[in-house]
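Chains, contacts and geometry: an overview
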Amino acid sequence: MADHFDLLIAGDSIVLDEFGLPVGIDGRASIAQDIKHMIRETGLLVEMIGQRSSEKIKRGMVRIEQHVENDERIRPGTARMVQLDNETFLITAKTMQYGDIEVTL
């Protein structure tokens, strides 16, 4: 069994299998899901969406990268965030145990 286990969440709901039981995720997927939820809870992403100031967007991206790197499961210095379009961002990082993760927000 993996060291990091969670229930799969999609659309703010727990995903159920064909028997109505919660679907579990572990390892890299669990860490990526936790990172996505942590970012959402900071409120920083909401501040960045629709922001016209590229400097404010860059500052928000740096703050999110710092939050990601504060997670003890993430290798320091590896979190990167890029803006794909006006409302979509991609975060990449290396975990201590499972390798690379990508999170699209």
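Preceding this paragraph is the structure being described.
A quick note: this is a predicted structure, and the numbers were derived from the prediction, not measured. (Residues numbered from 1 in each chain as written. Predicted model: local features only at pLDDT ≥ 70, side-chain atom pairs only at ≥ 80, totals over all residues. Heavy atoms only, no water.)

Section: the overall build of the chain
If you tally the helices and strands in the chain, you get three helices and seven strands. Starting at the N terminus and walking to the C terminus, you meet the elements of the chain as β-β-β-β-α-α-α-β-β-β. Its C-alpha atoms give the chain principal-axis dimensions of roughly 50 × 30 × 20 Å. Scored against the burial criterion, the 105 residues of the chain give a buried share of 31%. Taking as baseline every contact in the chain between residues at least 6 positions apart, the subset at least 24 positions apart corresponds to 39%. For the chain, the accessible surface area stands at approximately 6800 Å², while carbon and sulfur atoms represent 51% of it. Counting 12 positive and 18 negative side-chain charges, the chain places the averaged centre of each group 10 Å from the other. (Helix = DSSP H or I, 4+ residues; strand = E, 2+ residues; numbered from the N terminus. Buried < 20%, exposed > 50% of the residue type's maximum accessible area, 1.4 Å probe, protein only. Contact = heavy atoms within 4.5 Å. Areas by Shrake-Rupley, 256 points an atom, 1.4 Å probe, with all protein chains shown as cover. Lys, Arg positive; Asp, Glu negative; His and termini not counted. Charge placed at Lys NZ, Arg CZ, Asp CG, Glu CD.)

Points about the packing of helix H1 (residues 27-42) against helix H3 (residues 54-69)
Two numbers describe how H1 lies on H3: the axes approach to 10 Å, and their chain directions differ by 130 degrees. Classified by the interaxial angle, the pair formed by H1 and H3 is oblique. Relative to H3, H1 is oriented so that their crossing is right-handed. Where H1 abuts H3, its residues Ile-35, Met-38, Ile-39 and Thr-42 lie against Ile-64, His-67 and Val-68. The residue inventory of the contact of H1 with H3, partitioned by class, reads five nonpolar, two polar and no charged. (Axes fitted to C-alpha atoms, helices over the stretch in contact; angles between N-to-C directions. Parallel < 35°, antiparallel > 145°, perpendicular 65-115°, else oblique. Left-handed = near helix turned anticlockwise from the far one by under 90°. Nonpolar A, V, L, I, M, F, W, Y, C, P; charged D, E, K, R; others polar.)

What about the sheet that holds strand S5 (residues 80-85)?
If you trace the three strands from one edge of the open sheet to the other, you get S5-S6-S7, paired in antiparallel fashion. Looking at which strands have only one partner, the edges of the open sheet turn out to be S5 and strand S7 (99-104). The sheet shows a mean angle of 20 degrees between the axes of neighbouring strands, taken without regard to direction. Of the strand pairs in this sheet, S5 and strand S6 (residues 88-95) are connected by five bridges, and their pairing is antiparallel. Of the residues in S6, the one forming a bridge with Asp-85 is Thr-88. (Pairing = 2+ DSSP bridges.)

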